[in-house]
Amino acid sequence: MSRKLATALLAALLLVMIAAATAVSAPADKPVELTADTIEYDAKTGVMTAQGAVKLVRDKAVLTGANARYNTKSKEAYVSGSVKVVREDTTLTANEVRSYNDNYLVATGSALLTKGENSLAGPKIEHWVDRQYSLVPNNARLTMPDGWMTANRVEAFHTEDRAVADGDVHIVSDKRSLDATSDKAVYYGSKTEQGKVVMSGNARAVQEGNVLTGKTLTIYLDDKAMDAQGRPKLVVKPQ
Amino acid sequence: MKLSKSTYRALACTLLIIAGGLYYFNREELPPPPTQEAKPAEVSAAVTFSGSSIVEQQDGKKQWEVTAESVQMNPDTNKARLVNFKAILYRADGSKLDLVGRQAEIDTKTRDIDMAGDIKAVSSSDGAVFTSATARWAAKERKFYGGGGITLTRYDTIVTGDRIEGDEQLERVKVMGNARVLKGGTPQ
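Every value quoted in this text rests on a predicted model; they were computed, and no experiment measured them. Here the residue index of a chain counts from 1 through its sequence in written order. Each chain gets a letter, beginning with A, and each ligand a number, beginning with 1, in the order they are written. Local features in a predicted model are, by the rule used here, given only for residues with pLDDT of at least 70; side-chain atom pairs are given and counted only at 80 or more, and totals for whole chains, interfaces and linings are based on all residues. Excluding hydrogens and water, the side-chain values take into account all heavy atoms of the structure.

A. Focus on the environment of D179 of chain A. Residues and elements named next belong to chain A. Each helix is a run of DSSP H or I of at least 4 residues and each strand a run of E of at least 2, with the numbering of both proceeding from the N terminus. Among the structural elements, D179 can be located in strand β13 (residues 178–188). Sequence separation between D179 and G209 is 30 residues, and the spatial gap between their C-alpha atoms is 9.8 Å. Dropping the residues within four chain positions of it, D179 is found in contact with H170, I171, V172, R204, A205 and V206. For this analysis, a polar contact is any N or O atom pair within 3.5 Å, provided that within protein one partner can donate a hydrogen and the other can accept it, and provided that sequence-adjacent residues contribute only side-chain to side-chain pairs. Looking at D179, its side chain comes within polar contact range of the side chain of H170, at 3.0 Å. The criterion used for residue contact is that any of the two residues' heavy atoms lie within 4.5 Å.

What follows is the structure, given as structure tokens:
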């Protein structure tokens, strides 16, 4: 057997092995169920269009709305009209939701994502189901158990119960009589560790009339303590 | 169209022969019937055949073919009533749709077929199976309608609902009332 032929046979064998391995590891398509008052279905294109009391169920996610279009081949969905997506303890509501590959969701129009005690709101929310990650690209508002935070942009890492806020960060907690601002903030809501908010860049916190400024401020959620780093300055309001 | 007309002519001839026969055998024994009883409507009463088939052809190609246990033809309305029928709708692509049901009515003018009673249709092209309580084949539109609770199964997709309208392939369908499409998984 010539060397060329042997190489070709080896390459062919490898291709067959790769193809077989891919076939074995390819995830099976989960069933999709669409119910509505009216459904138009094109078996050739795989497109389903539904009107009235629409409910789309796939895996652990349930999408409801007034109208929907779902392509079973491309796995793209568009749902409009008081849309609600429920998956385990996460609920996403919006005027419209687009879904790609049954994983990436883009919610627009008064979008609100609620998970546990926290909720994230904005004109647009992007959510990745597999990563449990959400992004509010503008005018974001994160509501926590004892207050709320607004910022130009917020990223939420749900499995870590962590959120990163960028631009014009504003935190208000009536419970703590706290009003704080900064360029950036990271919220750690984990129950296993001490919950805190680390504010950085022109950080300024006002609590009961006392003003604390510094490069970085750390607000602890379990008590009323605050740490300041980077040339901190505290202006105490006379009692 | 050609065969429909010829079928109609054949049925009309049969009817005349039967009517003539009845008149011949009865005229000797019975007094002359009153004028009212000899109305044309009674003469053209429905005629029943057994094991008949009706075929619609266009340009030498079969459009549909229906066989039934019994066929009742009404020349006044141009409608044929069939009991326990089997129908085949021939498609342009060479495939066909086999239909069975308990009752059907064929309008020989419009060539529309109204069906009722455990309707079941099987598509030869992809094995799609359709069931419903009632169904209608609209010849001019070449559209298929179903009602009274429908089910359409094709590969791993199950479509259910109160009513359906679709093309002759049943590939593009609109389901109305409690519409449901399940793709993948097993039927509930």
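And the narrative resumes.
B. Layout of the nonpolar core. Throughout, nonpolar core names a set of buried Ala, Val, Leu, Ile, Met, Phe, Trp, Tyr and Cys residues whose side chains join them through atoms within 4.5 Å. Here the term buried applies to any residue with accessible area under 20% of the maximum for its type, exposed to any over 50%, and partly exposed to those in between, with areas from a 1.4 Å probe on protein chains only. M149 and M199 of chain A together with F85, M115 and F144 of chain B are the most contacted members of the largest nonpolar core, which totals 83 residues. Each residue touching F85 of chain B, except ones within four places of it in the same chain, is listed here: V66, T67, A68, L99, V100, G101, R102, Q103, A104, M115 and I119 of chain B.

C. The arrangement of the pairing of strand β14 (residues 196–207) of chain A in detail. All names here are of chain A. Sheet analysis places β13 next to β14, joined by nine bridges and oriented antiparallel. What sits directly across from A185, in β14, is M199. Only strands joined by at least two bridges in the DSSP assignment are considered to pair. Here β14 pairs with strand β15 (residues 210–220) via 10 bridges, running antiparallel. Bridge pairing in β15 links V197 to I219.

D. Fine view of the packing of aromatic side chains. Residue and element names in this part refer to chain A. Centres within 6.5 Å make a pair out of two Phe, Tyr or Trp rings, where for Trp the six-membered ring is used; the pair is then stacked when the planes are under 30 degrees apart, edge-to-face when over 60, and tilted otherwise. Tallying each qualifying case throughout the model produces five aromatic pairs over all chains. Seen from their ring centres, W128 and Y133 are 5.4 Å apart, and the 40° between their planes marks the pair as tilted. By relative accessible area, W128 is classed as buried at 19%. Since its relative accessible area comes to 7%, Y133 is described here as buried.

E. Structural context of the environment of G109 of chain A. Residue and element names in this part refer to chain A. Here G109 is to be found in strand β6 (residues 104–115). The partly exposed category is assigned to G109, whose relative accessible area is 21%. In sequence terms G109 and G122 are 13 residues apart; their C-alpha atoms lie 7.9 Å from each other. Excluding residues within four positions of it along the chain, G109 makes contact with A94, N95 and P123.

F. Focus on the side chain of E168 of chain B. Residues and elements named next belong to chain B. Within the fold, E168 resides in the loop between β11 (163–167) and β12 (172–183). Taking relative accessible area as the criterion, E168 reaches 17% and is therefore assigned buried. For E168, the side chain forms a polar contact with the side chain of R142, separated by 3.0 Å. Beyond its immediate sequence surroundings of up to four residues, E168 is in contact with Y90, R91, L97, W137 and R142.

The quantities given are spatial measurements derived from coordinates; they are silent on function.
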